[in-house]
Amino acid sequence: AKKARELLDDALALEDAGCFAIVIECVPPQVGKAITEALEIPTIGIGAGPGTTGQVLVYHDMLGMTTHPHYKAFTPKFCKKFADLGESIREGLESFKHEVESGGFPSLEQHSPYKMTKSEEDLFMKMLATDADERRLIHDSKAKKLKETDE
């Protein structure tokens, strides 16, 4: 719970420092959600549950692509192209986009492996409650400033 709270405080500091977005990686879903709710800037989750603003995956992993290490930097001119994965990649990316937008991905059950014990979650929520009003005021103030800047 202490580390989770430190992550939230770090995210707030990053927002104050001028970050336009934050990537949240490999944390329990309730931590990703709490950080997202505390910030005015968007969060992008990778292994952080469905409560972030958006989702990202490494496309090589997501599409099941494997590449021999020899070809990572370049493809030699003597190589023959035996397959065109363009359409399969496009379909995979479209499916990913659809599931993120519809809320189907990530699911808490299958795609949120990072867990907190109930006691740690209760302690984290208690920590969040101690300054919830202050964080809400700060959040609202930042939102107002950003809106005024946009106009």
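What comes next concerns the included structure. (Residues numbered from 1 in each chain as written. Predicted model: local features only at pLDDT ≥ 70, side-chain atom pairs only at ≥ 80, totals over all residues. Heavy atoms only, no water.)

**So, the overall build of the protein**
Selection criterion: Counting from the N terminus, the helices are DSSP H or I runs at least four residues long and the strands are E runs at least two residues long. Relative accessibility thresholds used throughout: buried, under 20% of the residue-type maximum; exposed, over 50%; partly exposed, between the two (1.4 Å probe, protein chains only). Note on definitions: a residue-residue contact is assigned when non-hydrogen atoms from the two residues lie within 4.5 Å.
The secondary structure content of the protein amounts to 6 helices and 3 strands. Listed N to C, the secondary structure of the protein is α-β-α-β-β-α-α-α-α in terms of helices and strands. A buried classification covers 28% of the 151 residues belonging to the protein. Sequence separation of at least 24 residues holds for 54% of the intrachain contacts in the protein that already meet a minimum separation of 6.

**Concerning the sheet that holds strand 2 (residues 43-46)**
Quick note on the threshold: Only strands joined by at least two bridges in the DSSP assignment are considered to pair.
Pairing is parallel across the open sheet formed by 3 strands, whose spatial order is 1-2-3. Single-partner strands in this sheet number two, and they are strand 1 (22-25) and strand 3 (54-55). Sheet topology note: the strand 1/strand 2 ladder contains 4 bridges and is parallel. Bridged to Glu25 within strand 2 is Ile46.

**Some remarks on the packing of helix 1 (residues 2-16) against helix 5 (residues 118-130)**
Inclusion rule: Axis lines are fitted to C-alpha atoms, over the contacting stretch for helices. Their N-to-C directions set the angle, which ranges from 0 to 180 degrees. Orientation is classified from the angle alone, with under 35 degrees giving roughly parallel, over 145 giving roughly antiparallel, 65 to 115 giving roughly perpendicular, and any other angle giving oblique. Note on convention: near helix rotated counterclockwise from far helix by under a right angle means a left-handed crossing. Clockwise means right-handed. When residues are grouped by polarity, Ala, Val, Leu, Ile, Met, Phe, Trp, Tyr, Cys and Pro land in nonpolar, Asp, Glu, Lys and Arg in charged, and all others, Gly among them, in polar.
It is the contact of helix 1 with helix 5, at a shortest axis distance of 9 Å, that shows an interaxial angle of 40°. One finds that helix 1 runs oblique with respect to helix 5. Read as a crossing pair, helix 1 and helix 5 show a hand that is right-handed. Between helix 1 and helix 5, the contacting residues are Lys2, Ala4, Arg5 and Leu8 on the first element and Phe124, Met127, Leu128 and Thr130 on the second. Counted by class, the contact of helix 1 with helix 5 contains 5 nonpolar, 1 polar and 2 charged residues.

**Focus: the environment of Ala38**
When you line up the elements, Ala38 lands in helix 2 (residues 29-38). Since its relative accessible area comes to 7%, Ala38 is described here as buried. The contacts of Ala38, once residues within four sequence positions are left out, are Leu8, Leu12, Glu15, Arg135 and His139.

**Describing the pattern of salt bridges**
Just so we agree on the cut-off: Put simply, a salt bridge is a Lys or Arg side-chain nitrogen that is within 4 Å of an Asp or Glu carboxyl oxygen.
Evaluation of the coordinates by the stated rule reveals 9 salt bridges. Close ionic contact of Glu37 with Lys33 constitutes a salt bridge, the shortest N to O distance being 3.9 Å. Here Glu37 pairs with Lys33, and both are found in helix 2, just 4 residues apart, close to one helical turn. Residue classification places Glu37 among the partly exposed positions, given a relative accessible area of 49%. Across the pair Arg135 and Asp131 runs a salt bridge, and its minimum N-O distance is 2.9 Å. Each member of the pair Arg135 and Asp131 is classed as buried. Overlapping salt bridges bring together Arg5, Asp9, Asp131 and Arg135 as one network.

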